[in-house]
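Each chain, letter by letter, is given below.
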Amino acid sequence: SGTRNYLHAVTYRNGLFVAVGYGGTILTSTDGTSWTERTSGTSEFLSEVTYGNGLFVTVGFNGIILTSPDGITWTKITSGTSAYLLTGVTYGNGLYVAVREDRTILTSSDGNSWTKRTSGASGPFRGITYGNGLFVTVGAMGTIFTSPDGTTWTEITSGTRNYLHAVTYRNGLFVAVGEDGTILTSSDGNSWTKRTS
């Protein structure tokens, strides 16, 4: 990859892979084999990256948010929060949604102006995705919250107390994963089933 920094997340859109990680590291690749380091303008840890509405968006430590139309040139955005780690970001239904480890949720329609939302969660969030008309975020103590609009959030019974670290949606299925080999699946985001890993 050309870097010794810890890489934490990767996404693919418009013919480009974008990977992010510690020290503000951003790498891009058109083929997944040859990677080029890009100037991020920050040394903060970047925890997650997504793409939507013509923008790559990455988030990380101290509330940092960076955006890029091409994955090459990045702009620092004022998130309105600086005390916490932004742990996840996704795009769906015309909205970017980012989650923080203090249970706060941020939303933006354009990637530039962000609004704080209240979730009502009791533990930190780790991952977020969008699918089937729902934003789904997961976190500590088996926490799962869903929202159709990024503003109003509903707590869902997950059936586990294990820490959930990530969630994704493809082919009509949400899949959440976490500690101790935990895997949960759901077709609608509301009813979850434990799977044997």
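Residues numbered from 1 in each chain as written. Predicted model: local features only at pLDDT ≥ 70, side-chain atom pairs only at ≥ 80, totals over all residues. Heavy atoms only, no water.

Asker: Could you give an account of the side chain of threonine 3, with specific residues and numbers?
Answerer: Structurally, threonine 3 can be placed in the segment before β1 (7-13). Relative accessible area serves as the criterion here: at 17%, threonine 3 is assigned to the buried category. Among the polar contacts listed, one links the side chain of threonine 3 to the backbone nitrogen of asparagine 5, at a separation of 3.1 Å. Leave out the neighbours within four places in its chain, and threonine 3 touches Thr25 and Leu27. (Helix = DSSP H or I, 4+ residues; strand = E, 2+ residues; numbered from the N terminus. Buried < 20%, exposed > 50% of the residue type's maximum accessible area, 1.4 Å probe, protein only. Polar contact = N/O pair within 3.5 Å; in protein donor to acceptor, adjacent residues only side chain to side chain. Contact = heavy atoms within 4.5 Å.)

Asker: Describe in detail the sheet that holds strand β13 (residues 125-131), supporting the description with residues and values.
Answerer: Pairing is antiparallel in the open sheet, where four strands are placed in the order β13-β14-β15-β16. The sheet terminates laterally at β13 and β16 (154-156), the two strands that pair on one side only. Shown here is a sheet whose adjacent strand axes are inclined to one another by a mean of 25 degrees, direction ignored. Sheet analysis places strand β15 (residues 144-147) next to β16, joined by three bridges and oriented antiparallel. Opposite isoleucine 144, over in β16, you have isoleucine 156 as the bridge partner. (Pairing = 2+ DSSP bridges. Axes fitted to C-alpha atoms, helices over the stretch in contact; angles between N-to-C directions.)

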